[in-house]
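Examining the three-dimensional arrangement
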Amino acid sequence: MWRFLLQAGMGAATLNVAGRIARLKRMAIYFAIAGVLGLLALGALLFALGALLEPRFGAAGAAGIVGGVTLVVAAFVGWAATWTPKRTARPTAAPIADRVRSELSAVGSAFSGPDRPRLPGERRARGVNMILIAALAGIVLGRRL
C-alpha cells in the first residue's frame, strides 16, 4: 500500500503543468485553424452545389434548395448539440476508489490496534500519519477519476 501511495505522490510531484498548458494552447490554436478551414470548405461545397443546380432550377431555385438543405442540416446539428442521453444507473464508486478505501481502512486498523501499549505523543503522530495518507489518497483519486 505504501508503495502505491508513494508512486502516486511521485507522479504528482513530477507533474509537468507548464508542458500540459502549452500543449493545450497549441491544440486550441490548431482546432481554431481547422474550424476556419472547415467553414471555408463548407462554403465552397455549397457554392458548387448551387452552381450544379442552377442550370436546372435557375439562380433563385438553386439558392432556395441550398439554403433549405443547409437549414435542415443546421437544425439537426442544433438538436444534436442540445440532446441529452437518458441517465443510466452509475456505479456507486470507481474501482480505484474502492481499492484505496479498503487499503486506508486496513492502515487505520493497523494504527489503532488494541493489543499494543500506547506511547507518549503517539496519538498526535498517528493523526499526522492519517492526514498524510488521506492527502496521498486524494491525489491518487484525483488523478484516476
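Conventions we followed
Residues numbered from 1 in each chain as written. Predicted model: local features only at pLDDT ≥ 70, side-chain atom pairs only at ≥ 80, totals over all residues. Heavy atoms only, no water. Helix = DSSP H or I, 4+ residues; strand = E, 2+ residues; numbered from the N terminus. Buried < 20%, exposed > 50% of the residue type's maximum accessible area, 1.4 Å probe, protein only. Contact = heavy atoms within 4.5 Å. Areas by Shrake-Rupley, 256 points an atom, 1.4 Å probe, with all protein chains shown as cover. Expected span 1.5 Å × (residues − 1). Bend = angle between axes of the 7 residues up to and from the residue.

Considering the overall build of the protein
From N to C terminus, the protein includes four helices and zero strands. Taken across its 145 residues, the protein has 14% of its residues classed as buried. Counted over contacts in the protein with a minimum sequence separation of 6, partners at least 24 positions apart contribute 61%. In the structure as shown, the protein presents an accessible area of about 11,600 Å², 70% of it carried by carbon and sulfur atoms.

Overview of helix 2 (residues 17–82)
Between its first and last C-alpha atoms helix 2 spans 33 Å; for 66 residues at 1.5 Å apiece the expected length is 98 Å, and the helix comes up short by more than 12%. Along helix 2, the helix axis deviates most sharply at phenylalanine 57, where the bend reaches about 130°. For helix 2, the complete set of buried residues consists of Gly50, Leu53, Ala62 and Val66.

Digging into the environment of alanine 134
Examined against the element boundaries, alanine 134 turns out to sit in helix 4 (residues 122–144). As a C-alpha pair, alanine 134 and arginine 101 span 33 residues in sequence and 9.8 Å in three-dimensional space.

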